[in-house]
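Architecture and fold: a report
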Amino acid sequence: MLGIETSCDETGIGIVRGRTLLSNTIASSMDEHARYGGVVPEVAARAHLEALQPTIEAALAEAQVTLADIDAVAVTSGPGLAGALMVGVGAAKALAVSLDKPLYAVNHLVGHIAADILTGEEVEYPTVALLVSGGHTSLLLVRDLVSDVELLGETMDDAAGEAFDKIARILGLPYPGGPEIDRAAATGDPNAIRFPRGMSRASDMAEHRYDFSFSGLKTAVARFVEQHEATGETLSVPDVAASFREAVVDVLVTKALDACARHGVPRLLLGGGVIANKRLRDVALERAEAAGVAVRIPPLSLCTDNGAMIAALASELIMSGHPASTLAFGADSTLPVTTIQVATSS
Ligand code: ATP
Ligand code: MG
Ligand code: FE
């Protein structure tokens, strides 16, 4: 199964055989977006068009197979950037038709959950999944990967990674902001400033399902920095970075573990590029252990956007008897997580 992922700024091609990972090749246009301080959709789409062919070739070479060995093709149909998705969808259809092989068009977010299967360890459901990246902050309840994924909550404004990127900009640090904030936070005091934890009271969780909001936190940090600039008071960038990071991590972990408790699910899967944050992993592991919840964190190469996870999801669909997608689908930038596969014939 060859999987194609182009929902954001990574051109990802992955090849799997059943649950075995054969290759996972990624070309990122991240550097091209750096000077804009965020992903520019038009730039991303153009970069996918240029990167697809060489990335497919690299993935085939890495897997030591040729196109003739490919039995099926998988592609991300959504959610993501429409123009970026369209490039992958077009390429996947062309490949499937020319090879005369079945095509599976699947959901990007569910792909993130499927990545865990490629670790080779036994994966158990139900599990709660927390997906945090530059484009999404989603809390999901996965009862069955191929048939039952429920959205518990998502961000009402900025994604968690986006919040890192915006705060980095406020602090004068380059893009992407996550690693920069992390570096600055290393020498800071996480308790120096008590920044707001949006929508994380028990009553919020009951009323708003498990949605997130990071805009209040962003405003609070911006105001804190402005006030210091206005009064000329020295600003400790490490303290601001560490306190901001602590607020984000606190909200994410609190809500994820509350969801585990409420649904009686003793498992939590973490995914998305923000999982690169060691503080997030440490706090999640520490508090989960205390709560009797087992945490799974796939390697970062499977946590960030990649084609292998898309191939893995399609592979599970095949193995559980789901028929291929028809060609009657396009890019769906707002595809809901409950739609695991699109253009199903039955
Ligand atoms: P998508 O949302 O479609 O998955 P994306 O490209 O925006 O796509 P990723 O590539 O998974 O997301 O992750 C990039 C994001 O992760 C950026 O916002 C970046 O700042 C953030 N990030 C990376 N490293 C860290 C870190 N150490 N701490 C916090 N955030 C981080
Ligand atoms: Mg990315
Ligand atoms: Fe993603």
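Reading the values: the criteria
- Residues numbered from 1 in each chain as written.
- Chains lettered and ligands numbered in written order.
- Predicted model: local features only at pLDDT ≥ 70, side-chain atom pairs only at ≥ 80, totals over all residues.
- pLDDT = per-residue confidence, 0-100.
- Axes fitted to C-alpha atoms, helices over the stretch in contact; angles between N-to-C directions.
- Helix = DSSP H or I, 4+ residues; strand = E, 2+ residues; numbered from the N terminus.
- Left-handed = near helix turned anticlockwise from the far one by under 90°.
- Contact = placed C-beta atoms within 7 Å.
- Nonpolar A, V, L, I, M, F, W, Y, C, P; charged D, E, K, R; others polar.
- Pairing = 2+ DSSP bridges.
- Buried ≥ 20, exposed ≤ 12 C-beta atoms within 10 Å, placed from the backbone.
- Domains from an automatic or database assignment.
- Arc of directions from axis to C-beta.

Turning to the confidence of the model for the protein chain, a few remarks are in order. For the protein chain, the mean per-residue pLDDT works out to 96, and 100% of the residues sit at or above 70. Scored by ipTM, the complex comes to 0.96, with pTM at 0.96.

What follows concerns the packing of helix H5 (residues 160-170) against helix H6 (residues 177-185). Two elements in contact, H5 and H6, have axes separated by 7 Å at closest approach and are oriented at 65°. Handedness of the crossing formed by H5 with H6: left-handed. Of the residues in H6, those in contact with Gly161, Phe164, Asp165, Ile167, Ala168 and Arg169 of H5 are Gly177, Gly178, Glu180 and Ile181. A breakdown of the residues in the contact of H5 with H6 according to their chemical character gives four nonpolar, three polar and three charged.

Strands belonging to one sheet form pairs held by backbone hydrogen bonds; the direction of such a pair is parallel or antiparallel. Read across the open sheet, the six strands follow the order E3-E2-E1-E4-E5-E11; overall the sheet is mixed. Edge strands, defined here as strands with exactly one partner in the open sheet, are strand E3 (20-28) and strand E11 (341-342). As paired strands, strand E1 (residues 2-5) and strand E2 (residues 10-17) are joined by four bridges and run antiparallel to one another. In the strand pairing of E2, Ile4 is matched with Ile13. In the packing of helix H12 (residues 307-319) onto the sheet, contacts are made with E1, E2, E3, strand E4 (73-78), strand E5 (103-107) and E11, and the angle to E2 comes to roughly 40°.

Put simply, Tyr125 and Pro126 share a cis peptide bond, and its omega is 0°. Within the fold, Pro126 resides in the loop between helix H4 (108-114) and strand E6 (127-132). In this structure, the amide linkage connecting Tyr175 to the following residue, Pro176, adopts the cis form with an omega of -5°. If you trace the backbone, Pro176 turns up in the loop between H5 and H6. The backbone of Gln64 shows a phi angle near 55°, a positive value even though the residue is not glycine. Note that Gln64 resides in the loop between helix H2 (41-63) and E4. With 10 C-beta atoms counted inside 10 Å, the residue Gln64 sits in the exposed group.

Right, let's get into the packing of helix H9 (residues 237-263) against helix H10 (residues 278-291). The interhelical angle for the contact between H9 and H10, taken along N-to-C directions, is 35°, at an axis separation of 10 Å. With respect to the hand of their crossing, H9 and H10 are arranged in right-handed fashion. Here Arg245, Val249, Leu252, Val253, Leu257, Cys260 and Ala261 of H9 come into contact with H10, specifically with Arg279, Leu280, Val283, Ala284, Arg287, Ala288 and Ala291.

What the domain assignment reports for the protein chain is domain 1 (2-114 + 302-342) and domain 2 (123-300). The centre of domain 1, based on its C-alpha atoms, is set 27 Å off from the matching centre of domain 2. Each partner contributes to the interface: domain 1 provides 22 residues, whereas domain 2 provides 26 residues. Looking at the side of domain 1 that touches domain 2, the elements that each hand over two or more residues are helix H1 (30-34), H4, helix H11 (300-303) and H12. At five residues, the largest contribution of residues to the side of domain 1 that touches domain 2 is made by H4. For the side of domain 1 that touches domain 2, the class distribution of residues is 13 nonpolar, eight polar and one charged.

The sheet built from five strands is open, its strands ordered E8-E7-E6-E9-E10 with mixed pairing. The two strands at the open ends of the sheet, each matched to only one other strand, are strand E8 (148-154) and strand E10 (294-296). Adjacent strand axes in the sheet meet at a mean angle of 25° when their direction is disregarded.

The next thing to look at is H6. Considered for burial, the residues of H6 that qualify are Gly177, Gly178, Glu180, Ile181, Ala184 and Ala185. For H6, the angular spread of buried residues about the axis comes to 165°, placing them on one side. Residues of H6 that are buried in the fold lie against H5 and H9.

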